Amino acid sequence: MTISIRIATPEDLPLIADLIRGLADYEKLAHEVRFDEAVLGAKLFGPRPYAEVIIGEVDGAAQGFALFFHNFSTFEGKPGVYLEDLFVRPEARGSGLGKALLSRLAAIAVERDCARLEWSVLDWNEPAIGFYKKLGARLMDEWTVMRVDGAALVQLGASAGKSA
């Protein structure tokens, strides 16, 4: 068995879309997938890419991906890598592909002088949590994720520049 990791290209867009849908199915969130493939392509491969993707292959067949972008730590004074999505197709789990994807992301973080690699994991996903802990990851229990989206995001944005 041969595992390889490569940088995604615009030609991989249908594959990336398929892997995102596979991840959403696994996480029981398929109803949340709303992206337009052309817009996704423009955001990943356009003049100002917002994120990057690496593709994991087993014996030449694409079996997983990681989508990531940079964040910044003010305390460290350095960028970090934020892993938005990591997915390995069920038939390739246990092959070492997940570890290979995370190892490549860690290498990218080191190459780019980043302070850390971080991500979120659903609290019910015990297999993933156990896997991540074996790799040296630690839970950040003292932090709670916050989000503003949809109509609340539009409303908050519309209040920019207005006095309170």
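Reading guide: rules and limits
Residues numbered from 1 in each chain as written. Predicted model: local features only at pLDDT ≥ 70, side-chain atom pairs only at ≥ 80, totals over all residues. Heavy atoms only, no water. Helix = DSSP H or I, 4+ residues; strand = E, 2+ residues; numbered from the N terminus. Buried < 20%, exposed > 50% of the residue type's maximum accessible area, 1.4 Å probe, protein only. Core = buried A, V, L, I, M, F, W, Y, C linked by side-chain atoms within 4.5 Å. Contact = heavy atoms within 4.5 Å.

(A) Molecular detail of unusual backbone geometry. Here Lys28, not a glycine, exhibits a phi torsion of approximately 60°, which is positive. Examined against the element boundaries, Lys28 turns out to sit in the loop between helix 1 (13-26) and helix 2 (37-45). Lys28 sits in the exposed class, given a relative accessible area of 60%. Although it is not a glycine, Asp113 sits at a positive phi angle of roughly 55°. On the secondary structure map, Asp113 appears in the loop between helix 3 (97-111) and strand 5 (117-119).

(B) Inspection of the nonpolar core at higher detail. Counting residues in hydrophobic clusters, the biggest one holds 18 residues, and the most contacted among them are Ile54, Ala66, Phe68, Leu83, Leu86, Leu101 and Leu105. When residues of this core are assigned to their parent elements, the largest contribution, 6 residues, is made by helix 3. Once residues within four sequence positions are removed from consideration, Phe68 is found in contact with Ala51, Glu52, Val53, Ile54, Val81, Tyr82, Leu83, Glu84, Leu105, Ile108 and Arg112. Counting 16 residues, the second largest nonpolar core, distinct from the first, contains Ile20, Leu44, Ala51 and Phe87.

Treat this as a map of the structure, not an account of what it does.
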